[in-house]
Amino acid sequence: MERRDKNNYYLDIAETVLERGTCLRRDYGAIIVKNDEIISTGYTGSPRGRKNCSDLGVCIRKKLNIPRGTHYELCRSVHAEANAIISAARHEMLGSVLYLVGKNAETHEYVEKAFPCSMCKRLILNAGIEKILIRDTKDSYREIKVQQWIEDDDSLRGDVEY
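Values in this document were obtained by computation on a predicted structure and should not be read as measured data. (Residues numbered from 1 in each chain as written. Predicted model: local features only at pLDDT ≥ 70, side-chain atom pairs only at ≥ 80, totals over all residues. Heavy atoms only, no water.)

(A) Just the UniProt feature "active site" (unreviewed entry) in the chain, in detail. Following the UniProt record, the feature "active site" (unreviewed entry) maps to Glu81 here. Residues in contact with Glu81, not counting those within four places in the same chain, are Ala30, Leu98, Leu100, Pro116, Cys117, Cys120 and Ile124. (UniProt positions renumbered as here; feature names shortened; annotations may be inferred. Contact = heavy atoms within 4.5 Å.)

Pasting the structure below:
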């Protein structure tokens, strides 16, 4: 029996976490790991105490046919990365790894070219997370070194595409 490699093991856990998601468009699961210890988990869903899109039966962004990656201010949900970061202390996250898995809520297929939005990217930077691993298929993933975001920073443009 072949043992599952550690990165896919943690991505499998993040994939299980996404099953708690309440978004009708995309389900994401995130876990933050440091020194082989899970620091926190997060999935896509409305803030505590508010109704989820799955409870309401409607996704306003889907209803308005808003393209992926735009107009997040209309979304009810807190992203998985943000929820994982909110649930951990910064000193625990310094030098950690964030594992991220996204699936289409209807087809359950992996989100193609999944990537943190500009707001989550800022949270990841401030949290001190060192790298991100994002699942593309059941056995493949991409690695993003957060330091590269800092080195590639374009201070005139920021994170917003105009």
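(B) Focus on helix α1 (residues 6-18). Along its 13 residues, α1 runs 19 Å from first to last C-alpha, staying within 8% of the 18 Å computed at 1.5 Å per residue. Here α1 has its buried residues at Asn8, Tyr10, Leu11, Asp12, Ala14, Glu15, Val17 and Leu18. If you follow the buried residues of α1, they end up packed against β1 (26-34), β2 (37-43), β3 (97-104), β4 (131-137) and β5 (140-145). Where α1 begins, the side chain of Asp5 points an oxygen toward the backbone nitrogen of Asn7, at a separation of 3.3 Å. (Helix = DSSP H or I, 4+ residues; strand = E, 2+ residues; numbered from the N terminus. Expected span 1.5 Å × (residues − 1). Buried < 20%, exposed > 50% of the residue type's maximum accessible area, 1.4 Å probe, protein only. Polar contact = N/O pair within 3.5 Å; in protein donor to acceptor, adjacent residues only side chain to side chain.)

(C) Layout of the pairing of β4. Bridging between β3 and β4 involves four bridges; their strand directions are parallel. The partner of Leu100 across the bridge, within β4, is Ile134. With respect to chirality, the unit in which β3 leads through helix α6 (residues 118-127) into the neighbouring parallel β4 is right-handed. One ladder, built from six bridges, connects β4 with β5; its direction is antiparallel. Of the residues in β5, the one forming a bridge with Ile132 is Ile144. (Pairing = 2+ DSSP bridges. Right-handed = clockwise from strand over helix to strand, strands pointing away.)

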